[in-house]
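Structural characterization, general
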Amino acid sequence: DLLARLTVINLTHEAKGLDTYPKTREKFSSSGDSISMSILDRNYKEEIHHVATGVKWFKWLCGHLEVEPVSVFHQLSKIYFKGCLKPPFNTEARNIAGLTEDWYLPLSEI
């Protein structure tokens, strides 16, 4: 199921990579590890692209099926992802990728 895969991989796991970026970068920065920071920065940009691509294809497929994307994402998350989505969320990066708060906040433990 492509929608289930996009839900779990792109819109959940890869989006979580966006969320962990600020603290991870801070740790590398405070230790003076510029090489790791450079790699992390490149990966961060790639993760934004991965999430954005997931959102694009998720919306396209939902449009083709004539279903509402956000509600389908919520339904599939409850089926295929165990537990709640855990903050903190990198709202800025998620917004850049097109994954706005209405997608994930209702599934969080907030």
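Residues numbered from 1 in each chain as written. Predicted model: local features only at pLDDT ≥ 70, side-chain atom pairs only at ≥ 80, totals over all residues. Heavy atoms only, no water.

**Some details on helix α3 (residues 69-80)**
- Its twelve residues place the ends of α3 16 Å apart at the C-alpha level, agreeing with the 16 Å of an ideal helix rising 1.5 Å per residue.
- If you check which residues of α3 are buried, you get Pro-69, Val-70, Val-72, Phe-73, His-74, Leu-76 and Ser-77.
- Tucked inside the fold, the buried residues of α3 contact α1 (2-30), α2 (34-65) and α5 (101-104).
- The N-terminus of α3 is capped by Glu-68, whose side-chain oxygen sits 3.2 Å from the backbone nitrogen of Val-70. (Helix = DSSP H or I, 4+ residues; strand = E, 2+ residues; numbered from the N terminus. Expected span 1.5 Å × (residues − 1). Buried < 20%, exposed > 50% of the residue type's maximum accessible area, 1.4 Å probe, protein only. Contact = heavy atoms within 4.5 Å. Polar contact = N/O pair within 3.5 Å; in protein donor to acceptor, adjacent residues only side chain to side chain.)

**Considering the nonpolar core**
- Judged by nonpolar contacts, the single largest core of 27 residues is most densely connected at Leu-3, Leu-11, Val-51, Phe-58, Leu-99 and Trp-103.
- For this core, the secondary-structure elements that each account for two or more residues are α1, α2, α3 and α5.
- Among the elements that make up this core, the one with the highest residue count is α2 (eight residues).
- Setting aside anything within four residues of it in sequence, one finds Leu-3 in contact with Phe-58, Leu-61, Cys-62, Leu-65, Val-72 and Leu-76. (Core = buried A, V, L, I, M, F, W, Y, C linked by side-chain atoms within 4.5 Å.)

**Section: the environment of Asn-10**
- Along the chain, Asn-10 falls in helix α1.
- Owing to a relative accessible area of 9%, Asn-10 belongs among the buried residues under this scheme.
- Considered as a pair, Asn-10 and Thr-53 are 43 residues apart in the sequence and their alpha carbons are 7.9 Å apart.
- Contact partners of Asn-10, with chain neighbours within four places excluded, come to Arg-5, Ala-15, His-50, Val-51 and Gly-54.
- Separated by 3.2 Å, the side chains of Asn-10 and Arg-5 make a polar contact.

**Things to note about the pattern of salt bridges**
- Taken as a whole and assessed by the stated rule, the structure comprises four salt bridges.
- The partner of Arg-42 in a salt bridge is Glu-46, with the nearest N and O atoms 4.0 Å apart. In this pair, Arg-42 and Glu-46 are both assigned in helix α2, four residues apart and thus about one turn of the helix distant.
- Here Arg-42 falls in the partly exposed class, since its relative accessible area comes to 47%.
- Its relative accessible area of 37% is what places Glu-46 among the partly exposed residues.
- In the salt-bridge network here, residues are joined through shared partners; they are Lys-16, Asp-19 and Arg-94. (Salt bridge = Lys/Arg side-chain N within 4 Å of Asp/Glu carboxyl O.)

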